[in-house]
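What follows is each chain in one-letter form.
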Amino acid sequence: INFQADGSCLYSTQAFWTQGRENLDVLTIICANNTYAILKLELARQGIQGGGKASQSLTDLTPPIDWVSLAKGYGVEACKVTTVEEFADALQDALRVRGPRLIAAMLS
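Residues numbered from 1 in each chain as written. Predicted model: local features only at pLDDT ≥ 70, side-chain atom pairs only at ≥ 80, totals over all residues. Heavy atoms only, no water.

Re a nonpolar patch on the surface
Residues Ile1, Phe3 and Leu95 make up a contiguous nonpolar surface patch of roughly 370 Å² in combined accessible area. In this fold, leucine 95 is placed in helix 6 (residues 84–96). (Patch = residues over 30% accessible without salt bridge, like charges linked within 9 Å, V, L, I, M, F, W, Y side chains within 5 Å. Areas by Shrake-Rupley, 256 points an atom, 1.4 Å probe, with all protein chains shown as cover. Salt bridge = Lys/Arg side-chain N within 4 Å of Asp/Glu carboxyl O. Helix = DSSP H or I, 4+ residues; strand = E, 2+ residues; numbered from the N terminus.)

A look at the nonpolar core
A general feature of soluble globular proteins is that nonpolar side chains tend to end up buried together. Among the nonpolar cores identified, the biggest contains 12 residues, and these are Cys9, Phe16, Ile30, Ala32, Trp67, Val68, Ala71, Val76, Ala78, Leu102, Ala104 and Met106. Counting only elements with at least two residues in this core, the list comes to strand 2 (27–32), helix 5 (67–73) and strand 4 (101–106). Setting aside anything within four residues of it in sequence, one finds cysteine 9 in contact with Gln4, Phe16, Ile30 and Trp67. Counting 7 residues, the second-largest nonpolar core is a separate cluster that includes Leu27, Ile29, Val81 and Ala105. (Core = buried A, V, L, I, M, F, W, Y, C linked by side-chain atoms within 4.5 Å. Buried < 20%, exposed > 50% of the residue type's maximum accessible area, 1.4 Å probe, protein only. Contact = heavy atoms within 4.5 Å.)

Quick word on the sheet that holds strand 3 (residues 77–81)
The sheet built from 4 strands is open, its strands ordered 1-2-4-3 with parallel pairing. Each edge of the open sheet is held by one strand with a lone partner, namely strand 1 (2–5) and strand 3. Averaged over all adjacent pairs, the angle separating strand axes in this sheet is 20 degrees, with direction ignored. Of the pairings in the sheet, the one linking strand 3 to strand 4 comprises 5 bridges and is parallel in character. (Pairing = 2+ DSSP bridges. Axes fitted to C-alpha atoms, helices over the stretch in contact; angles between N-to-C directions.)

Remarks on the pattern of salt bridges
This model, assessed by the stated rule, comprises 4 salt bridges. Its salt-bridge partner being arginine 21, residue glutamate 22 comes within 2.7 Å of it at the nearest N-O pair. Judged by relative accessible area, glutamate 22 falls into the partly exposed class, the value being 42%. A residue is classified by how much of its surface remains accessible, and arginine 21, at 55% relative accessible area, is exposed. Put simply, arginine 96 and aspartate 93 hold a salt bridge, and the shortest N to O gap is 2.8 Å.

Structural data, given as structure tokens:
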């Protein structure tokens with residue numbers, strides 16, 4: 001099981017191609033809050049507080065990433081969930097089958 005935040009996952013989407021090509025038993029759960037929190041962290045480490053409007057816009061994932069379409073484009077079965085109940089069902093379904101799967105857990 002691979003947990004990823006949506007912003008940091010954008011650095012490694014090619015892993016989905018490998019998972020699909022090799023039919024790997026990998027379940028990726030993306031915690032999608034539609035922000036580049038990793039960039040906000042790096043700005044804070046550099047002592048940049050808030051920044052201007054342009055730098056703030058660089059930390060938002062707008063338009064939101066369509067993780068289901070992206071994963072399916074690489075040959076990985078995927079679904080999007082918005083509630084705890086949907087997540088529990090999707091997790092059970094993903095763990096029952098072999099091959100790569102992705103669950104996009106929408107947090108906001």
